[in-house]
Amino acid sequence: LTEVMGMITLKYTNGFTLLLPSALAVCFILASLWMISLSLKHLELGITYAIWAGSSSAILALIGISYYAESITLIKTIGVTLTIFGVILLNLGSS
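Residues numbered from 1 in each chain as written. Predicted model: local features only at pLDDT ≥ 70, side-chain atom pairs only at ≥ 80, totals over all residues. Heavy atoms only, no water.

Caption draft 1: Summary view of the packing of helix H3 (residues 45-67) against helix H4 (residues 74-93). At a minimum axis separation of 9 Å, H3 and H4 run at an interaxial angle of 150°. As the angle between them shows, H3 and H4 are arranged roughly antiparallel. In this structure, the crossing between H3 and H4 has a hand that is left-handed. Between H3 and H4, the residues in contact are Ile47, Ala50, Ile51, Gly54, Ser55, Ala58, Ala61 and Leu62 and Val80, Thr83, Ile84, Val87, Leu90 and Asn91, respectively. When grouped by side-chain class, the residues that make up the contact of H3 with H4 number 10 nonpolar, 4 polar and no charged. (Axes fitted to C-alpha atoms, helices over the stretch in contact; angles between N-to-C directions. Helix = DSSP H or I, 4+ residues; strand = E, 2+ residues; numbered from the N terminus. Parallel < 35°, antiparallel > 145°, perpendicular 65-115°, else oblique. Left-handed = near helix turned anticlockwise from the far one by under 90°. Contact = heavy atoms within 4.5 Å. Nonpolar A, V, L, I, M, F, W, Y, C, P; charged D, E, K, R; others polar.)

Caption draft 2: Region of the structure containing the packing of aromatic side chains. Within this structure, the stated rule accounts for 2 aromatic pairs. Plain terms: the ring middles of Tyr12 and Tyr68 are 6.3 Å apart, the flat faces sit at 50° to each other, and that makes the pair tilted. In this pair, Tyr12 is assigned in the loop between helix H1 (2-10) and helix H2 (19-39) and Tyr68 in the loop between H3 and H4, connecting sequence segments 56 residues apart. Classification of Tyr68 by relative accessible area gives partly exposed; the value is 27%. (Phe/Tyr/Trp six-rings, centres within 6.5 Å; stacked < 30°, edge-to-face > 60°. Buried < 20%, exposed > 50% of the residue type's maximum accessible area, 1.4 Å probe, protein only.)

This is the structure:
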């Protein structure tokens, strides 16, 4: 979730010209990288990165549609759905 918070906060940095949102974005992103580095002690790199990137992307797409009135199309819906199923399959396959 720190990755998601970092990306949401990044939206408000105005190109890193606003101090508080910029500092928060950097803190969230660094926390996310630290947590993924901890998980890499126990999990495979490829699976870990795929789950991290896929789940963050799907969550951010849903937040963008829900809270920021971003457009939703059939192609986006299919893409997010496939990403979610992909993350589920990766989790099942790494057990």
